[in-house]
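# Notes for the structure review
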Amino acid sequence: MSGKHSSSRRDEKNAEIVSTDNAVTSVKRRRRRKISPFTYVALGVMTFISAFPFYWMFVVASNGSDEISKIPPSLKPGTHFPQMMSAVYEAVPFNRSLLNTFMVAIIIAVSQVFFSSLAGFAFAKMEFPGKKWMLIFVVGTMMLPSQLGVIPMYMMMSKLNWIDNFKALIIPALVSAFGVFWMRQVIDAQIPNELLEAARIDGASVFRIYRSIIVPVVRSSAFVLGLFSFLATWNDFLWPLLVMNSPEKFTVQVAINQLQSSYVIDYALNMGGAFMATAPLLVLFIFVGKRLVAGVMDGAVKG
Amino acid sequence: MSAQAVPSKSRIKFKSSNAPIDKKPRKKIAPMRRQDRWGMLFVSPFFIVFLAFGLIPILFTTYVAFFNWDALGGAPEYIGFANFKELWSDTYFWQALRNTFSIWFISTVPQMTLALGIATLLANPNLRAKVFWRTVLLVPNITSVLAVAIVFQQLFGYDFGMINLAITWLGYHHIDWVGNQLASHIAIATMINWRWFGYNSLIFLASMQAIPRELYESASLDGANRWQQFRYVTIPQLRNTIIFMMIMGTIGGLQVFAEPMLYGGGMTGGDSRQFSTLTLYLFEQAFFNQRYGYGAVIGIAMTVIIIAISVLNYLIGRRIATDGTK
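Keep in mind it's a predicted model, so treat the numbers as computed, not measured.

Here the focus is the domain arrangement of chain B. Residues and elements named next belong to chain B. Taken domain by domain, chain B holds domain 1 (34-78) and domain 2 (85-325). Domain 1 and domain 2 are separated by 31 Å when their C-alpha centres are compared. Summed over both sides, the interface between domain 1 and domain 2 buries roughly 630 Å², with carbon and sulfur atoms accounting for 74% of that surface. On the domain 1 side of the interface with domain 2, the three residues burying the most area are Ala 65, Trp 69 and Ala 71, jointly 53% of the side's total. Counting the contacts that link domain 1 with domain 2 gives 0 salt bridges. On inspection of domain 1 and its partner domain 2, the count reaches 1 residue pair in polar contact (both at pLDDT 80 or more). The element best represented in the side of domain 1 that touches domain 2 is helix 3 (residues 36-64), accounting for 3 residues. For the side of domain 1 that touches domain 2, the residue count by class is 6 nonpolar, 2 polar and 1 charged.

Rendered as structure tokens:
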């Protein structure tokens, strides 16, 4: 409906421009209204570029290790993918690493959502001593490179005996400055103070307000935050590589990396591993992609 | 949910129309005070994690930097500014710095340009299958760095990589995408570009949609063509977004680590350190050579550089954007 509306408005403009301006401009106007095929070609190329690496992972992996040095290379999937999968299973405990990653990522996502929404609620709607400087501090440290504290973090993990323990992955990530800031912005923008005051006058406790007002309103933003945390944990590579040593405690990324180091580079095996590590996320993305897009775009306008 | 919202909405109207504006904040403070404890309780889990795993490690880095701190044991030895002095005359550090800037530049400029272009295409209100294009754009971003590195390593392979095959098919000579310094930077920047161009397009798109349509309408009534509209309406309106993205791009770009490490050079970033970066060098010193103190100094140097560039970015960005409005 809005599209029709704006195009009719533009027709009026076109009429004016045609009458006042030269012919070249009027051709340009008309092209914009109808959308030039160039736009779709460009977007098609963009789609191809986005999707090709996934396709290529599968093609190389399914053609097997011997086919890799063929010229010209096969551009179609082969039949060796099951063999590739069992090669990956032989080299690393892949299912175990999948389970590890899933558990860690779920715990972190849930805890991020819970603690970030609580702290975000407090930062957005409550007064307490030190609130202002805490917030400035939190935003300030978000700007610092995350690698700055990595050496002391590692030293701390050794001191606590958390090396090769899932605690080293989970506890530092339970709640993050990003999550708190995100939820603060959302709660600040979506929940009017008057609503909270009314609830308070009606005698609702703080927890009641959190459960019955905050949670229902910010549910979808919180879900997106949980997704972001889940994806970030799933894809994190450096920290798990540093702190997890025994194969049965590897995350997916570390396990896939292991394929690279335990053999002379076998591209087909590596690509098989990469595909297997990425496929679960692609499946997840089919269901939540739209909401992630909305989350990214909402965040952009607020930020 | 809606059942709750409706009565409370009517109450808001009632309250806000009756209460004098200057009385409102005073009224708010009184009931809030009772909640001091709740606010602090709600923030405390975050604050504990933040202190223990965010702030304290950062502060401790500064402390470690003044020591000869060997991971393999032995008491840390205070050595004053010796680590800083060593860094100043460390050619590996300067090489890593140059590489980092080179990769950052090759990845930021095309990425921003491409993202702006794609966002402009997607901002067209008559476009079909909008949601599809947007969703496709985000797919590279959910892929792990490791998977990206594995694929691109193969694509940029010397003998059988698709890219070199295409180059030879066109009649040119193979390019050594690993050994050649500039070529390796381009390959690494390509991975970064691929992973982030869609995400950045979405950010630009969101900001473009927030631009009031009237601005374009009056611009076209004044006879501005599409390019002029883009240059004199879109760009100045996107000012804050561009500054923000340039700063975030700098923070991320100067920390680039996983891509060069996984590109096959290991901790040294290639045989002749041709794609060693600052963070990679930090990890090499701290976790490969076990020199925590020296690694900490690299981290501090990196932070200083990032802050300096961010401030510079901010000033330049403001300048560019305000020029556009003239």
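Bringing the nonpolar core into the picture now. Most often, soluble globular proteins have nonpolar side chains that are buried together. Core analysis: the biggest nonpolar cluster contains 185 residues, and A:Phe121, A:Ile214, A:Val243, A:Leu292, B:Phe46, B:Phe287 and B:Tyr292 have the highest contact counts within it. Both domains that furnish three or more residues to this core are identified here as domain 1 (34-78) and domain 2 (85-325) of chain B.

The partner chain B presents 101 residues to the 111 residues of chain A that form the contact. Summed over both sides, the interface between chain A and chain B buries roughly 9,900 Å², with carbon and sulfur atoms accounting for 77% of that surface. Where chain A meets chain B, there are 0 salt bridges. Class assignment of the residues belonging to the side of chain A that touches chain B gives a composition of 76 nonpolar, 20 polar and 15 charged.

We now examine the pattern of salt bridges. For side chains bearing opposite charge, pairing can occur when the charged atoms are close. All names here are of chain B. Taken as a whole and assessed by the stated rule, the structure comprises 4 salt bridges over all chains. Residue Arg 291 pairs with Glu 86 through a salt bridge whose shortest N-O separation is 3.0 Å. Here the residue Arg 291 occupies a position in the loop between helix 14 (278-288) and helix 15 (292-325), and Glu 86 occupies one in helix 4 (residues 82-88), the gap between them amounting to 205 residues. According to the relative accessible area criterion, Arg 291 is partly exposed, its value standing at 27%. Overall, the relative accessible area of 34% leaves Glu 86 in the partly exposed class. A salt bridge links Glu 284 to Arg 273; the shortest N-O distance between them is 2.6 Å. Of this pair, Glu 284 sits in helix 14 while Arg 273 sits in the loop between helix 13 (258-265) and helix 14; the two residues are 11 residues apart in sequence, bridging distant segments of the chain. The same class applies to Glu 284 as to Arg 273, namely buried.

Another aspect to go through is the side chain of A:Asp164. As for its position among the elements, A:Asp164 is in the loop between helix 7 (150-159) and helix 8 (167-170). Looking at A:Asp164, its side chain comes within polar contact range of the main-chain nitrogen of A:Asn245, at 2.9 Å.

The rules behind each value
- One numbering rule holds for all chains: residues counted from 1, following each sequence as written.
- By the order in which they are written, chains take letters starting at A while ligands take numbers starting at 1.
- Given that this is a predicted model, residues contribute local features only at a pLDDT of at least 70 and side-chain atom pairs are listed and counted only at 80 or more, while totals for whole chains, interfaces and linings are drawn from all residues.
- In computing side-chain properties, one takes all heavy atoms of the structure into account and sets aside hydrogens as well as water.
- Those domain boundaries reflect an automatic or database domain assignment.
- For any pair of parts, buried area is found by adding up, for both, the accessible area (1.4 Å probe) each one loses once the two are put together.
- Any Lys or Arg side-chain nitrogen found within 4 Å of a carboxyl oxygen on Asp or Glu counts as a salt bridge.
- We call two N or O atoms a polar contact when they sit within 3.5 Å, provided that within protein one can donate a hydrogen and the other can accept it, with sequence-adjacent residues counted only if both atoms are side-chain atoms.
- Only DSSP runs of H or I covering at least 4 residues are called helices, and only runs of E covering at least 2 are called strands; the numbering of each starts at the N terminus.
- Under the scheme applied, nonpolar residues are Ala, Val, Leu, Ile, Met, Phe, Trp, Tyr, Cys and Pro; charged residues are Asp, Glu, Lys and Arg; polar residues are all the others, including Gly.
- Take the buried residues of types Ala, Val, Leu, Ile, Met, Phe, Trp, Tyr and Cys, join any two whose side-chain atoms come within 4.5 Å, and each joined set is a nonpolar core.
- Categorising residues by exposure relies on relative accessible area from a 1.4 Å probe, with only protein chains included: less than 20% of the type maximum marks a residue as buried, more than 50% marks it as exposed, and the intermediate range marks it as partly exposed.
- Here, residues are in contact when the closest pair of their heavy atoms is within 4.5 Å.

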